[in-house]
Amino acid sequence: SEPGRQRDRVVTEEEWLQKWAAGNTGFHKEHGHPLLQKYLDVLLNGRSGLRIFFPLCGKAVEMKWLADMGHSVVGVEVSEQALKEFFAEHNLSYCEEPVPEISGAKKLQSTSGNISLYCCSIYDLSSSIIGKFDGVWDRGALVAVNPRDRQRYVNLMTTLMEKNSSYLLVTVSYDPNKHKGPPFYVPESEIKSLFG
Ligand code: SAH
């Protein structure tokens, strides 16, 4: 079972913003994740023009891949810096607007309209604000959520999914005594009980 020191660990939003400000973003994969390429067919399941959600998106380049394939991408991220770097690094122009339902939140949307990134906490969102999704790419998201918030996160994700949606989840397997996380170790048995 999971040692207490990971179970009780809390990383605050402020700490995440500091990681971005200091460039401590070793989790970012410049060339994208090989597992998305490998399991793309599972995510898409032969469908086109999907709505794909990127929880805790950072500046994941996979958002650009999927948008370029004709899907519509929605992400959420607390760091505005991360979102601005995303648009800048892909030479995408975007516009910014407030999100009326969430005080202090912003939506950064590509001018082409197919990438909408919300700058706020994922816990501020609901399907009435962002709708429901046909697919989810969860890499560095469940494993980055504070362990005490996992069930809340999964419950929210469940409300954001359409009936026939696919959910790709990437986790990391390692000895949780050797690293305090994030990424946190989420055992497979816990994933099963979280998603039910
Ligand atoms: N999924 C991305 C980033 C993983 S790191 C990738 O694959 O590269 C986790 C990200 O979640 C960080 O960028 C952090 O700033 C963001 N984050 C942490 N807590 C959050 C929250 N409650 N709501 C939205 N974003 C959050």
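The structure we're discussing is the one just above.
A brief structural summary. Everything numeric in this text was worked out from a predicted model, so none of it was measured.

## Focus on the nonpolar core
So, point 1. Core analysis: the largest hydrophobic core is formed by 27 residues, its most contacted members being Phe53, Tyr118, Leu125, Ile130, Tyr153 and Met157.
So, point 2. Only strand 2 (72-77), helix 6 (127-130), strand 6 (133-139), helix 7 (150-159) and helix 8 (188-195) provide two or more residues apiece to this core.
So, point 3. Looking at which element gives the most residues to this core, the answer is helix 7, with four residues.
So, point 4. Excluding anything up to four places from it in sequence, Phe53 contacts Val74, Gly75, Val76, Ile122, Leu125, Ile130, Phe133, Gly135, Val136, Trp137, Met157 and Leu160.
So, point 5. Counting residues in hydrophobic clusters, the runner-up holds 23 residues, among them Leu50, Met63, Ala67 and Cys119.

## With respect to unusual backbone geometry
So, point 1. With an omega of 0°, the peptide bond between Gly181 and Pro182 qualifies as cis.
So, point 2. Note on placement: Pro182 falls in the loop between strand 7 (161-170) and helix 8.
So, point 3. Looking along the chain, the bond that leaves Pro182 and enters Pro183 is cis, with omega of 0°.
So, point 4. Secondary-structure assignment places Pro183 in the loop between strand 7 and helix 8.
So, point 5. Positive phi outside glycine occurs at Leu56, with the angle close to 45°.
So, point 6. Phi angles above zero are rare outside glycine, and Asn91 is one such case at about 50°.
So, point 7. By secondary structure assignment, the location of Asn91 is in the loop between helix 5 (80-89) and strand 3 (94-98).
So, point 8. On the basis of relative accessible area, Asn91 is assigned to the exposed category, the value being 72%.

Rules used in this analysis
Every chain is numbered independently, its residues counted from 1 as its sequence is written. Residue-level local features of this predicted model are given only where pLDDT is at least 70; pairs of side-chain atoms are given and counted only at 80 or more, and the full residue set underlies all totals for whole chains, interfaces and linings. Where side-chain values are given, they derive from all heavy atoms of the structure, hydrogens and water being excluded. By nonpolar core we mean a set of buried residues, namely Ala, Val, Leu, Ile, Met, Phe, Trp, Tyr and Cys, connected to one another through side-chain atoms within 4.5 Å. Partly exposed residues are those whose accessible area sits between 20% and 50% of the maximum for their type, while under 20% is buried and over 50% is exposed, using a 1.4 Å probe and protein chains only. Think of it this way: any DSSP run of H or I at least four residues long counts as a helix, any run of E at least two long counts as a strand, and we number them from the N terminus. Contact criterion: two residues are considered in contact whenever any of their non-hydrogen atoms come within 4.5 Å of each other.

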